[in-house]
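Architecture and fold: a report
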Amino acid sequence: MANSSKIFDLMHKQLRKSFKNIESIKNVWKNTCSTALSSLNSLQNVAEQYHCILRCVRSQSPDFMLVKRFPDIHERIQYKLIQEMELLIEKLQINIDELQAILSKVHQQYVNSMAVYKKNAEHLPLDKITEGTATWPSVADMLEWLQDVDALFNFLCENQRQVLASVNYNNEELMQSLSTKWKRGNRETEESLENVLAHVSFFMADG
Amino acid sequence: MADEKKKKGSSRRGNKSNTYDDGADASPSGLQCPLQGSARVIKDHCADWHNHIDKWNGMNDAGFNIINKIINLRLQAKSDGQRKVEVRSVATTEAEFMSDEHDGMPEGLEALCEQLTTIQTSMATLMKKMAAITKHFQGVEKLEQKRRNPNMYASPMFTSWSVDKFVQASQHLQDMYQQELEVKKVIVEDVAHHDDRDIMMMYASTWLHQPYIEDDAVVTLESMLTETGFR
């Protein structure tokens, strides 16, 4: 019996550590999110300019002095705009790499806790690990939450990768919907992170 | 870094006797001697190029802000005008409507246009200074040619460039800025005369991104600065 309670302590200690790590990761993730969104806004802005110019060239309005005087100007300006969009895409790529690093850390928390559980599973009876108190959630719940958070970040990463891969400068509608698509899953992840951390706040404070 | 350059560029005018400090660090061979003659003229003018381009960029940003304001004013006026049409579609006669609609420019537009013209004029003045640098370089080149043995190749001024390289670089920069100035002139003349959003966006974008300043402008300037020992 004494052995079992020692193992429980060990399990709780690991879980506490994992959640504390996740809490610190949360702020890093929020920073990454806001830099990504500002790059995305710039990208949409530049893309809008790009399409305005395409339309100007297509309409060939006769009283447009600039194009009349400088026939090659739209090519030059398009080149500049594409160059700027490329730069922003590069920034977003870096951003995804950062998110990937965050994801790996989150995943590690789940793996570590699960490893401790699996190693000692025979000393952790099912009725005990599903039993929680008013302030301490059960071990099973906490492991599940870690897995949920892991899955959410996985989705974020995959989604953003896909959005970035779909970029096509000539598709105006797509360019203007980038940030909506990019943000998909952000709110859910944030909410469930807050939720989980609120549930384990007493548990973490008791450690 | 920019401050440092300014200091170096202006010391020439400020204090002629204080040449030692300025020139000493520029000697790429490590010789501690003040720069004199052609080398000194070229080095100072390279610093001037840096300062002028810096100033140009500042003016470019200021001009862009004004253009944005002009565009907003025009778009605002356009949407107000449309609303008016809806509100009093039948109430007024066509003649009244026309006189009302075309009675003048949106308030504040003229002032903004004047500001923009002022900026463009300053850019033109700056352009003249840039052109003067190339002229000076060409003068130095001629001088050096006279001094040199006609059978010998031109020797490098600092690290590797001979004078004609500086002339080329300066001419290249000058050509780009000259063309850009022409573009800006057209924008200033025409931007307030449109109320089509796409065209106005193109004007703003063109002003900001300076299509005729090519990618190698930065490289050229940096090469000049590196060559003369500023970098």
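Model, not experiment: these values are computed from the prediction.

**A short note on the overall build of chain B**
Helix and strand content of chain B: eight helices and zero strands. The secondary structure elements of chain B, listed N-terminal to C-terminal, are α-α-α-α-α-α-α-α. The buried share of chain B, reckoned over its 231 residues, is 42%. If you take every contact in chain B between residues at least 6 apart in sequence, the share linking residues at least 24 apart comes to 80%. Approximately 12,400 Å² of chain B is accessible, and the part contributed by carbon and sulfur atoms is 53%.

**What to know about the overall build of chain A**
Within chain A one finds nine helices and zero strands. From first element to last, N terminus to C terminus, chain A shows the α and β order α-α-α-α-α-α-α-α-α. A total of 207 residues make up chain A; the buried ones form 43% of that total. Accessible area for chain A stands at about 11,200 Å²; split by element, carbon and sulfur atoms hold 52% of it.

**Side note on the packing of helix 6 (residues 163–190) of chain B against helix 7 (residues 197–209) of chain B**
Packed helices, taken two at a time, are described by the angle their axes make and the gap between the axes. Residues and elements named next belong to chain B. Between helix 6 and helix 7, the least distance of the axes is 10 Å, while the angle of their chain directions is 150°. By the angle between their directions, the pair helix 6 and helix 7 is classed as roughly antiparallel. Considering how the two elements wind past one another, helix 6 and helix 7 form a crossing that is left-handed. The segment helix 6 lies against helix 7, with E180, V183, K184, I187, V188 and D190 engaging Y203, T206 and W207. Looking at the contact of helix 6 with helix 7 residue by residue, the class counts come to five nonpolar, one polar and three charged.

**A look at empty space enclosed by the protein**
Gaps left between atoms show up when a probe the size of a water molecule is rolled over them. Residues and elements named next belong to chain A. This structure, assessed with the given rule, holds one cavity of 30 Å³ or more. Computed from the structure, the largest cavity encloses a volume of approximately 40 Å³. What lines the largest cavity is simply W29, T32, C33, A36, N95, L99, Q160 and W182. Contributions of two or more residues to the lining of the largest cavity are made by helix 1 (2–59) and helix 3 (73–119). Top element by residues in the lining of the largest cavity is helix 1. It accounts for four residues. Residues that form the lining of the largest cavity fall into these classes: five nonpolar, three polar and no charged.

**Some thoughts on the UniProt feature "coiled-coil region" (unreviewed entry) in chain A**
Mapped onto the present numbering, the UniProt feature "coiled-coil region" (unreviewed entry) falls at residues 82–109 of chain A. With 100% helix and 0% strand, the stretch residues 82–109 of chain A has end C-alpha atoms that lie 41 Å from each other.

**A few points about the interface of chain A and chain B**
Taken together, the contact between chain A and chain B spans 24 residues of the former and 23 residues of the latter. Between chain A and chain B, a total of about 2,200 Å² is buried, with carbon and sulfur atoms accounting for 63% of that surface. Where R69 of chain A meets E182 of chain B, a salt bridge forms, and the shortest distance between an N and an O atom there is 3.8 Å. For the pair chain A and chain B, the number of links is eleven residue pairs in polar contact (both at pLDDT 80 or more). For the side of chain A that touches chain B, the elements supplying multiple residues, two or more each, are helix 1, helix 2 (65–69) and helix 3 of chain A. It is helix 3 of chain A that provides the largest number of residues to the side of chain A that touches chain B, a total of nine residues.

**Describing the nonpolar core**
When a protein is soluble and globular, its nonpolar side chains tend to lie buried together. Core analysis: the biggest nonpolar cluster contains 82 residues, and L43 and L66 of chain A together with I42, F166, W207 and M224 of chain B have the highest contact counts within it. In terms of residue count, the dominant contributor to this core is helix 3 (residues 37–87) of chain B (13 residues). Setting aside residues no more than four positions away along its own chain, F166 of chain B makes contact with I42, C46, F137, M157, F158, W161, M224, E227 and T228 of chain B. Ranked by size, the runner-up nonpolar core spans 34 residues in total, among them L99, V106, V139 and M204 of chain A.

**Comments concerning the confidence of the model for chain B**
Per-residue confidence for chain B gives a mean pLDDT of 82; residues scoring 70 or more make up 78%. Below a pLDDT of 50 lies the segment residues 1–31 of chain B, which in the model reaches 41 contacts outside its immediate sequence neighbourhood of four places, other chains included.

**With respect to the environment of T220 of chain B**
Residue and element names in this part refer to chain B. Looking at the element boundaries, T220 is found in helix 8 (residues 216–227). Residues T220 and H172 lie 48 residues apart in sequence; the distance between their C-alpha atoms is 8.4 Å. Setting aside its immediate chain neighbours within four residues, T220 contacts A169, H172 and L173. Engagement of the side chain of T220 in a polar contact is seen with the backbone oxygen of D216, the distance being 2.6 Å.

**Here we look at the packing of aromatic side chains**
Applying the stated criterion to the full structure yields seven aromatic pairs over all chains. For the ring pair F70 of chain A and Y212 of chain B, a centre distance of 5.8 Å and an interplane angle of 55° mean the geometry is tilted. With F70 of chain A in the loop between helix 2 and helix 3 and Y212 of chain B in the loop between helix 7 and helix 8, this residue pair bridges two chains. By relative accessible area, F70 of chain A is classed as buried at 5%.

**Quick notes on the pattern of salt bridges**
For side chains of opposite charge, pairing can occur when their charged atoms come near one another. Under the defined criterion, the tally for this structure stands at 16 salt bridges over all chains. Here the salt bridges share partners, and the residues they tie into one network are K26, K30, E190 and E194 of chain A.

**Let's talk about unusual backbone geometry**
All names here are of chain B. The backbone of Q210 sits at a positive phi, close to 45°, despite the residue not being glycine. Mapped onto the fold, Q210 is located in the loop between helix 7 and helix 8. For Q210, a relative accessible area of 8% translates into the label buried.

**Things to note about the environment of V186 of chain B**
Secondary-structure assignment places V186 of chain B in helix 6. With near-sequence residues (within four places) excluded, V186 of chain B lies in contact with M65, L66, R69 and F70 of chain A.

The rules behind the values
- Here the residue index of a chain counts from 1 through its sequence in written order.
- Chains and ligands are labelled sequentially in the order written, the chains with letters from A and the ligands with numbers from 1.
- Local features in this predicted model are restricted to residues of pLDDT 70 or higher, and side-chain atom pairs are both shown and tallied only at a pLDDT of 80 or more, whereas totals for entire chains, interfaces and linings draw on every residue.
- The side-chain figures draw on all heavy atoms in the structure; neither hydrogens nor water molecules are used.
- Starting at the N terminus, helices and strands are each numbered in turn, a helix being any DSSP run of H or I of at least four residues and a strand any DSSP run of E of at least two.
- Each residue gets one of three labels from its accessible area relative to the maximum for its type: buried under 20%, exposed over 50%, partly exposed in between, using a 1.4 Å probe on protein chains only.
- Working rule for contacts: check all heavy atoms of both residues, and any pair within 4.5 Å makes them a contact.
- Here, Shrake-Rupley sampling with a 1.4 Å probe gives the accessible areas, and only protein chains in the shown set may cover a residue.
- Orientation is described by lines fitted to C-alpha atoms, with helices fitted over the stretch in contact, and by angles between N-to-C directions that extend from 0 to 180 degrees.
- The labels follow the angle: roughly parallel below 35 degrees, roughly antiparallel above 145, roughly perpendicular from 65 to 115, and oblique for the rest.
- Here a crossing is called left-handed whenever its near helix is offset anticlockwise from the far helix by less than a right angle, and right-handed whenever the offset is clockwise.
- Each residue receives one of three labels: charged for Asp, Glu, Lys and Arg, nonpolar for Ala, Val, Leu, Ile, Met, Phe, Trp, Tyr, Cys and Pro, and polar for the others, Gly being one of them.
- Buriedness of a pocket was judged along seven lines, with at least five required to meet protein on both sides within 12 Å; pockets are open sets of points on a 1 Å grid over the protein atoms alone, cavities are sets where a 1.4 Å probe fits but cannot get out, and lining residues have an atom within 4 Å of a point.
- Grid points are joined across faces, edges and corners, and a volume is the space filled by probe spheres set on the points.
- UniProt positions are given in the numbering used here, feature names are shortened, and annotations may be inferred rather than shown by experiment.
- By buried area we mean the combined loss of accessible area, with a 1.4 Å probe, across both parts when two parts are placed together.
- What makes a salt bridge here is a side-chain nitrogen of Lys or Arg within 4 Å of a carboxyl oxygen of Asp or Glu, nothing more.
- Under the rule applied, a polar contact is a pair of N or O atoms within 3.5 Å (in protein, one hydrogen donor and one hydrogen acceptor; residues adjacent in sequence only if both atoms are side-chain atoms).
- The nonpolar core is taken to be a set of buried Ala, Val, Leu, Ile, Met, Phe, Trp, Tyr and Cys residues, with the residues joined through side-chain atoms within 4.5 Å.
- Here pLDDT means the predictor's own confidence in every residue, given as a number from 0 to 100.
- Working definition: a ring pair exists when centres of Phe, Tyr or Trp rings (six-membered ring for Trp) sit within 6.5 Å. Plane angles under 30 degrees give stacked, over 60 give edge-to-face, the rest tilted.

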